[in-house]
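Observations on the three-dimensional arrangement
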Amino acid sequence: QVQLVESGGGSVQSGGSLRLSCRVSGGNVFSTGSMGWFRQAPGKEREGVAMGDSIGRIGYTSSVQGRFNYSQDNNKNTFYLHMNALKPEDTAKYYCAADDRVFHPDTLMRMGSELMRYWGQGTQVTVSS
């Protein structure tokens, strides 16, 4: 059984930085799979933020391009979301997700909520102006 445990998040002022971590136990997502970060703000649909896969492809939604960075440490079974230059509009609950199937990051950005089978518990990120 695949389990995802998130850590990080919190409250920062506009322009600040945070790092989210997602540790994966079980499964083989780092050898053959996809991983990603999603977020959901109050009253809005969940959206894809950053995606990666086991063959090294990475993708970002346009609103975070150049500010957020996805990375993964296969030895630690952990992937990360480094968030810089945070804006109030980044305020949301952030979820990590994974699947042991490989999808193109662009596909996950559009359909990841339906495709990803394993999800973390979510962590709140609040950015004040």
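The sections below set out a description of the structure shown in this document. (Residues numbered from 1 in each chain as written. Predicted model: local features only at pLDDT ≥ 70, side-chain atom pairs only at ≥ 80, totals over all residues. Heavy atoms only, no water.)

Taken as a whole and assessed by the stated rule, the structure comprises one disulfide. Here Cys 22 engages in a disulfide with Cys 96; their sulfurs sit 2.1 Å apart. Given an S-S torsion of about 60°, the disulfide between Cys 22 and Cys 96 has right-handed geometry. A residue pair is termed long-range when its members are at least 10 positions apart, and Cys 22 in strand E3 (residues 18–25) and Cys 96 in strand E9 (residues 92–99) qualify at 74 residues. With a relative accessible area of 0%, Cys 96 lands in the buried category. (Disulfide = S-S within 2.5 Å. Helix = DSSP H or I, 4+ residues; strand = E, 2+ residues; numbered from the N terminus. Buried < 20%, exposed > 50% of the residue type's maximum accessible area, 1.4 Å probe, protein only.)

What follows is about the pairing of E9. Counting buried positions along E9 gives seven out of eight residues, so the element sits mostly inside the fold. The sheet contact formed by strand E4 (residues 34–40) and E9 spans seven bridges and is antiparallel. Bridge pairing in E9 links Gln 40 to Lys 93. The pairing of E9 with strand E11 (residues 123–128) spans three bridges and is antiparallel. Within E11, the position partnered with Lys 93 by the bridge is Gln 124. In this structure, E9 lies alongside strand E10 (residues 118–119), joined through two bridges in antiparallel fashion. Within E10, the position partnered with Ala 97 by the bridge is Trp 119. (Pairing = 2+ DSSP bridges.)

Within the open sheet, the four strands sit side by side as E1-E3-E8-E7. Their pairing is antiparallel. Two strands close off the open sheet at either side, each with one partner strand: strand E1 (3–7) and strand E7 (68–73). Neighbouring strand axes in the sheet, compared pairwise and without regard to direction, differ in orientation by 15° on average. Across five bridges, E1 lies against E3 in antiparallel orientation. (Axes fitted to C-alpha atoms, helices over the stretch in contact; angles between N-to-C directions.)

Under the counting rule described, the total for this entry stands at seven salt bridges. Between Arg 39 and Asp 90 there is a salt bridge, with the nearest N and O atoms lying 3.0 Å from each other. You can see Arg 39 sitting in strand E4 and its partner Asp 90 sitting in the loop between strand E8 (78–83) and E9, a full 51 residues away along the chain. A relative accessible area of 5% places Arg 39 in the buried class. Owing to a relative accessible area of 1%, Asp 90 belongs among the buried residues under this scheme. Close ionic contact of Arg 117 with Asp 100 constitutes a salt bridge, the shortest N to O distance being 2.5 Å. (Salt bridge = Lys/Arg side-chain N within 4 Å of Asp/Glu carboxyl O.)

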